[in-house]
Amino acid sequence: MLYIEDVSVSELAEQYATPCYVYSKQAILNVYQDYSDSFATIDHQICYAVKANSNLAVLSVLAEAGAGFDIVSRGELMRVLAAGGAAAKVVFSGVGKTRDDIEFALNQGINCFNVESVNELILINEVAEQLGKFAPISLRVNPDVDANTHPYISTGLKDNKFGIAHDKAVAVYSQAATMSHIDIVGIDCHIGSQLTEVEPFIAALDKLIELIHKLAELGIELAHVDLGGGLGVRYIDESPVTIADFAGALLPKLTQLNLKVFFEPGRSMVANAGILLTRVDILKPTEHKNFAIVDAAMNDLIRPALYQAEMAVIPSALPDSVSVHDMPSWDIVGAICETGDFLAKERLLSLAANDLLAITGAGAYGMVMSSNYNTRPRACEVMVAGTKHQLVRKRETVEALYANEMPWGNKG
Ligand SMILES: *Cc1c(COP(=O)(O)O)cnc(C)c1O
């Protein structure tokens, strides 16, 4: 029988129905603790990347543990505040901050804007001047290192839309230093996601260190260096570097640098703290392939369709006697009218209609990327802690999906 902490998933499916995301509170805290312990010898702040999973329950658990947050929108900042997070521990990333976003963040007193272009810097200075405030900033430098990850989640190469080119960074810092309402506090990079090796992080850090020294020569002293997120996780058989080894490789250089260090982990904090529970609706064996049509679909979990991501699918209870080698191969698919609507392909499983399955590694970039395509209400979310469990987001109703719409000619 499959359990998440001390609760069986079949009990959860009975009570909350499916599809349903389930998160383990302890699993999230364990990773946070692992980061904290691994970097305990230096002054550091873990800023959880909210976009990986922005449920208020996840944010509140991390806020209580002392985490800061990396946000990419005003909406994410509002979530952090609603969950009890401190604005003073928030860094604001993203290429498209609007005047409204900047004003709101300045009024809340965030820790730092991670600035991605000269025009953004000018805009932040302008808004800060209007509010009579100083805006703390770091420049997100694009170190032009290859993170060896899927092209859609690689962000540190020259031709990505992210960051300020490494060879322009000193000039932009010098420009920032002349701006009346800008307070230069740090330097930042984020080179990609699901990185399984430590070498790209070291290459990026080396490039930042070189810049930090050049800036010091110009009299621009920084208080922090932010290495972004991006540490990978095991979905099926990947062997990502552990957090302890990641720290071990970076610590000698970071200790010498003697600046406060920020990290912005998203995926590695929550991916393996979550599963998506789904039930088999219909089995459709065909001459060429066997399809198991389940009640979750690409609108609930788009990673397989979007990045060809492979995630493990495990049954809620193992059959007594069948060996895996005797099991048929199934494509686990949703009911949406798209051939790309699959959750997993060619998995050896012994399946019957109504079976309960768990898609693992679903805690990051799962619910946050969900949609209502095909007018499908979004799944509910549940958090488990020991023997306790709690609904942390209600399942949507169909009526709510069109509540903001009106038929043509309706004046209401
Ligand atoms: C997405 C993102 C992160 C988090 O990345 P993970 O791979 O989920 O750890 C951190 N920083 C920035 C700027 C991001 O865009």
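Source: prediction; values computed, not measured.

Definitions and cut-offs
Residues numbered from 1 in each chain as written. Predicted model: local features only at pLDDT ≥ 70, side-chain atom pairs only at ≥ 80, totals over all residues. Heavy atoms only, no water. Phe/Tyr/Trp six-rings, centres within 6.5 Å; stacked < 30°, edge-to-face > 60°. Helix = DSSP H or I, 4+ residues; strand = E, 2+ residues; numbered from the N terminus. Buried < 20%, exposed > 50% of the residue type's maximum accessible area, 1.4 Å probe, protein only. Near = heavy atom within 4 Å. Polar contact = N/O pair within 3.5 Å; in protein donor to acceptor, adjacent residues only side chain to side chain. Areas by Shrake-Rupley, 256 points an atom, 1.4 Å probe, with all protein chains shown as cover. Nonpolar A, V, L, I, M, F, W, Y, C, P; charged D, E, K, R; others polar. Contact = heavy atoms within 4.5 Å. Domains from an automatic or database assignment. Arc of directions from axis to C-beta. 1 Å grid on protein atoms, 1.4 Å probe; cavity = no way out; pocket = protein on both sides within 12 Å on 5 of 7 lines; lining within 4 Å. Points joined across faces, edges and corners; volume = space filled by probe spheres on them.

What follows concerns the packing of aromatic side chains. Considering all chains together, one arrives at 7 aromatic pairs under this definition. Between Phe246 and Phe263, the aromatic rings sit 5.9 Å apart at their centres with planes inclined by 65°, giving edge-to-face as the arrangement. Here the residue Phe246 occupies a position in helix H9 (residues 243-257), and Phe263 occupies one in strand S12 (residues 260-263), the gap between them amounting to 17 residues. One exposure class covers both Phe246 and Phe263, and it is buried. A network of ring pairs unites the aromatic residues Phe39, Phe201, Phe246 and Phe263 as a single cluster.

Residues in close proximity to the ligand total 14 residues, the closest being Lys51, Ser193, Glu264, Arg267 and Tyr365. One nitrogen or oxygen atom from the side chain of Lys51 is found 2.7 Å from an oxygen atom belonging to the ligand. For the ligand, a nitrogen atom lies 3.5 Å from a polar atom in the side chain of His190. Calculation on the ligand without its partners gives an accessible area of 380 Å², and the protein chains cover 93% of this total. Within the shell around the ligand, the residues separate by chemical class into 3 nonpolar, 6 polar and 5 charged.

By secondary structure assignment, the location of Asn53 is in the loop between strand S4 (44-49) and helix H3 (56-65). Separated by 3.4 Å, the side chains of Asn53 and Tyr23 make a polar contact. Contact partners of Asn53, with chain neighbours within four places excluded, come to Tyr23, Tyr48, Val58, Leu59, Val270, Gly363, Val368 and Glu381.

Attention now moves to the domain arrangement of the chain. With domains assigned, the chain is organised as domain 1 (25-268) and domain 2 (272-401). The interface is formed by 19 residues belonging to domain 1 together with 21 residues belonging to domain 2. At the surface where domain 1 touches domain 2, the tally comes to 6 residue pairs in polar contact (both at pLDDT 80 or more). When residues of the side of domain 1 that touches domain 2 are traced back to their parent elements, those giving at least two are helix H2 (25-38) and H3.

All of the buried residues along helix H1 (residues 9-16) are Val9, Leu12, Ala13 and Tyr16. Burial along H1 is one-sided: seen end-on, the buried residues are contained in an arc of 100°. Facing away from the buried side of H1 by more than 90 degrees, the exposed set consists of Glu14 and Gln15. At the exit of H1 stands Ala17, carrying a positive phi of roughly 65°.

Moving on: empty space enclosed by the protein. Tallied over the full model, the rule gives 2 cavities of 30 Å³ or more. Lining the largest cavity, in full, are Tyr35, Phe201, Gly228, Gly229, Gly230, Leu231, Phe246, Phe263, Glu264 and Pro265. Residue composition of the lining of the largest cavity, by class: 6 nonpolar, 3 polar and 1 charged. Of the voids in this model, the second largest cavity is the one considered here, and its volume is about 30 Å³. Residue classes in the lining of the second largest cavity are distributed as 6 nonpolar, no polar and no charged.

It is worth spelling out helix H4 (residues 74-82) at this point. Residues Glu76, Leu77 and Val80 constitute the buried set of H4. Down the axis of H4, the smallest arc covering the buried residues is 100°, so these residues share one side.

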